[in-house]
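What follows is each chain in one-letter form.
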Amino acid sequence: MRKELVQENHGIALTTLFILGNASVAALGGYAERDLWLSFLLAIAVASIVVTIYSRLRSLLPGENLFEGLECLFGKWPSRFLSLAYAGYAWRLAGYVASDLSDFIRTISLRNTPKIVIVLGFVTLAIWGVKAGIEVLARWSSVFIKAVLAALSIAFVLLLTRVDLLEFLPVLYNGFKPVVLGALQLLDFPFLEAIVLFWAFDQFTTKQSPYKIFLPGLLIAGFILLLLSAASIAVLGSELYRYNYFPIFVAVSRIDLANFVTRLEAVAGIAFSIGGFLKIAVCLLVASKGLAYGFGFSKYRFLVTPLALSIIPASQWLIKTIMEFAGSANKVVGPSDFLFQVLLPLILWGVAEIKMFSRRKSNFYGTTDDQ
Amino acid sequence: MIVLIILSHLTIGAIELYLWKEHPFMETLLYLLLLLGTTIFAVMLAINPELPVPSFFNGLAKLWEKLLVWRGSL
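These notes cover the structure that comes with them. (Residues numbered from 1 in each chain as written. Chains lettered and ligands numbered in written order. Predicted model: local features only at pLDDT ≥ 70, side-chain atom pairs only at ≥ 80, totals over all residues. Heavy atoms only, no water.)

**Things to note about the overall build of chain B**
Here's step 1: Across its full length, chain B carries 3 helices and 0 strands.
Here's step 2: Its helices and strands in sequence order give chain B the pattern α-α-α, from N to C terminus.
Here's step 3: In terms of overall dimensions, chain B has a C-alpha envelope of 65 × 30 × 15 Å along the principal axes.
Here's step 4: Residues classed as buried in chain B amount to 24% of the 74 residues present.
Here's step 5: As displayed, chain B has an accessible area near 5900 Å², and 75% of this comes from carbon and sulfur atoms.
Here's step 6: Measuring between centres, the 4 positive side-chain charges of chain B sit 17 Å from its 5 negative side-chain charges. (Helix = DSSP H or I, 4+ residues; strand = E, 2+ residues; numbered from the N terminus. Buried < 20%, exposed > 50% of the residue type's maximum accessible area, 1.4 Å probe, protein only. Areas by Shrake-Rupley, 256 points an atom, 1.4 Å probe, with all protein chains shown as cover. Lys, Arg positive; Asp, Glu negative; His and termini not counted. Charge placed at Lys NZ, Arg CZ, Asp CG, Glu CD.)

**Observations concerning the nonpolar core**
Residues and elements named next belong to chain A.
Here's step 1: In this structure, L28, F191, V196, W199, F201 and V282 are the most contacted members of the largest nonpolar core, which totals 144 residues.
Here's step 2: In terms of residue count, the dominant contributor to this core is helix 12 (residues 265–294) (18 residues).
Here's step 3: Filtering out sequence-adjacent residues up to four positions away, V282 remains in contact with L14, F18, V196, L197 and A200. (Core = buried A, V, L, I, M, F, W, Y, C linked by side-chain atoms within 4.5 Å. Contact = heavy atoms within 4.5 Å.)

**Topic: the packing of aromatic side chains**
Here's step 1: Overall, the coordinates contain 19 aromatic pairs over all chains when judged by the stated rule.
Here's step 2: The interplanar angle of 85° and the centroid separation of 6.4 Å between the aromatic rings of Y86 of chain A and Y89 of chain A together place this pair among those described as edge-to-face. In this pair, Y86 of chain A and Y89 of chain A are both assigned in helix 4 (residues 76–108), 3 residues apart and thus about one turn of the helix distant.
Here's step 3: Relative accessible area serves as the criterion here: at 3%, Y89 of chain A is assigned to the buried category.
Here's step 4: For the pair W91 of chain A and F41 of chain B, a centre-to-centre distance of 6.2 Å together with 50° between the ring planes defines the contact as tilted. On the criterion of chain membership, the pair formed by W91 of chain A in helix 4 and F41 of chain B in helix 2 (residues 25–47) is interchain, its members lying in two chains. We note that W91 of chain A, like F41 of chain B, is buried.
Here's step 5: Aromatic ring contacts, followed pair by pair, group Y86, Y89, F198, W199 and F340 of chain A into a single cluster.
Here's step 6: Above the face of the W77 of chain A ring, R80 of chain A is positioned so that its terminal group lies 5.1 Å from the ring centre. (Phe/Tyr/Trp six-rings, centres within 6.5 Å; stacked < 30°, edge-to-face > 60°. Lys NZ or Arg CZ within 6 Å of the ring centre and 35° of its normal.)

**Points about the environment of S328 of chain A**
All names here are of chain A.
Here's step 1: Within the secondary structure, S328 is located in helix 14 (residues 322–330).
Here's step 2: Taking the C-alpha atoms as reference points, S328 and G175, 153 residues apart in sequence, are found 25 Å from one another.
Here's step 3: Setting aside chain neighbours within four positions, we find S328 in contact with Y96 and I319.

**Observations regarding the pattern of salt bridges**
Residues and elements named next belong to chain A.
Here's step 1: In the structure shown here, the tally under the stated rule is 8 salt bridges over all chains.
Here's step 2: The salt bridge involving K115 is made with D103; its shortest N-O contact spans 3.8 Å. With K115 in helix 5 (residues 115–132) and D103 in helix 4, this residue pair connects regions lying 12 residues apart in the sequence. You'll find K115 and D103 in the same group, each marked buried.
Here's step 3: Salt-bridge contacts for K279 lead to E193; the nearest nitrogen and oxygen are separated by 2.5 Å. Note that K279 is positioned in helix 12 and E193 in the loop between helix 7 (177–188) and helix 8 (195–200), a separation of 86 residues in sequence.
Here's step 4: Relative accessible area serves as the criterion here: at 0%, K279 is assigned to the buried category. (Salt bridge = Lys/Arg side-chain N within 4 Å of Asp/Glu carboxyl O.)

**Thoughts on the interface of chain A and chain B**
Here's step 1: Of the residues lining the interface, 22 residues belong to chain A; the matching set on chain B comes to 21 residues.
Here's step 2: When the buried area of chain A at its contact with chain B is split by residue, F302, L309 and W317 of chain A rank highest and sum to 33% of it.
Here's step 3: For K131 of chain A, the salt bridge is made with E16 of chain B, and the minimal N-O distance between the two is 2.3 Å.
Here's step 4: At the junction of chain A and chain B, the tally comes to 6 residue pairs in polar contact (both at pLDDT 80 or more).
Here's step 5: At the level of secondary structure, the elements contributing two or more residues to the side of chain A that touches chain B comprise helix 13 (304–318) and helix 15 (335–370) of chain A.
Here's step 6: For the side of chain A that touches chain B, the element with the highest residue contribution is helix 13 of chain A, accounting for 10 residues.
Here's step 7: A per-class count over the side of chain A that touches chain B returns 15 nonpolar, 4 polar and 3 charged. (Buried area = accessible area lost by both parts, 1.4 Å probe. Polar contact = N/O pair within 3.5 Å; in protein donor to acceptor, adjacent residues only side chain to side chain. Nonpolar A, V, L, I, M, F, W, Y, C, P; charged D, E, K, R; others polar.)

**Digging into the packing of helix 1 (residues 8–20) of chain A against helix 12 of chain A**
Residue and element names in this part refer to chain A.
Here's step 1: Close contact between helix 1 and helix 12 brings their axes to 8 Å; oriented N to C, the two are set at 105°. With respect to helix 12, the axis of helix 1 lies roughly perpendicular. Contact residues: helix 1 offers L14, L17 and F18, while helix 12 offers I274, G275, L278, K279, V282 and C283. (Axes fitted to C-alpha atoms, helices over the stretch in contact; angles between N-to-C directions. Parallel < 35°, antiparallel > 145°, perpendicular 65-115°, else oblique.)

**Regarding helix 3 (residues 66–74) of chain A**
Here's step 1: Of the positions making up helix 3 of chain A, those classed as buried are L66, F67, G69, L70, L73 and F74 of chain A. Down the axis of helix 3 of chain A, the sector holding all buried residues measures 160°, keeping them to one side. (Arc of directions from axis to C-beta.)

**Describing the environment of L34 of chain B**
Here's step 1: Turning to its location among the elements, L34 of chain B is positioned in helix 2.
Here's step 2: Residues L34 of chain B and L7 of chain B, 27 residues apart in the sequence, show an inter-C-alpha distance of 16 Å.
Here's step 3: Beyond its immediate stretch of four places on either side in the chain, L34 of chain B contacts L291, L303, P306 and L307 of chain A.

**Observations concerning the side chain of S315 of chain A**
Residues and elements named next belong to chain A.
Here's step 1: Mapped onto the fold, S315 is located in helix 13.
Here's step 2: In this structure S315 comes out as buried when scored by relative accessible area, which is 1%.
Here's step 3: Polar contacts involving the side chain of S315 include one to the main-chain carbonyl oxygen of I312, which spans 2.7 Å.
Here's step 4: When sequence neighbours within four positions are dropped, the list of residues in contact with S315 reads G95, A98, S99, K115 and V119.

Structure (structure tokens):
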């Protein structure tokens, strides 16, 4: 089987779009209210450390690809069980994103369209993308990120005409606790969902590539979300921001330049749809790869269609109403998310460091004994 | 609705299997099992849209609460 190799700049585009994904219109870090910008800075700093750990773990793995590396380090059955667990996590995340997308589209325009019809369109596209492979998805991202960045930049610049910077004052009025809670919300969704990408890439050009892909991708997406969310708070006020389902979308819809440049909310909608599609595709890819490896197959493409079809009912099952969507986006720390995003990677990293250290040590003494 | 779901899954499966160049036994078996699971899942959701989502951690929390009640009764 041909190993798919992703170039670093394409990988950065993929990571950025994945993190922006369904987060680009949601109410992020609402707990922090007017101190949201502080929560963002804290969350970006913590997420950078965690993503560096993911990258370190990925660069430690021996072998040509991820699954060979995991098998070398942890043995056949633990690595298969692990990949099945992450396949389940990615499948669930794909269901959530599909549900978010359909809820968003139904709320803003297609009110009477059944959820299944909207999800079907995105899932069909995702099947196509996943069957083409991660390399094609990354190249697609490198093209479409330009459109998304242009759209979001226009929205941000025009939002500046409506901002009221007094909305950020007084700073830390409620103390540091809401800032920490807001940062935890942001870490849970969307920053540490990037763990899924760790399973998506087959192999990298160099051992340093994981650092060069994941960290810049996280930082770019983080600062875009920070600017958009902060601008939305400055336009809407912290109360409206917190209790709105799609505050960035609502803030962009208020742009009005001399009754001429109006109705720019479609711009935010397009960015959300592009990012959401990519996130579904990457989650579907990881679910297919994880399931195939878990059952001992080297190819994954034959599993894509049935798994994609299962995302359609999953999107109706996991989140039934838009209030549940708001609840899932605003939770502080989900136990399963904490397990997959922080606990398991930390354990894997610890085990990998110890095993690689003991291997290097035995190799060193082995060579000195031979001499 | 249920008939429509089953028919659509069957059609997609049949077309995709027809388009495969080779039909290795294990791959075909896993594909069919997964498609069957997906169809059952979709049908179950069509019959009961309020199908509860199982939560491992909520289950643990409930078990812990029951254990506390049981210990309190001793």
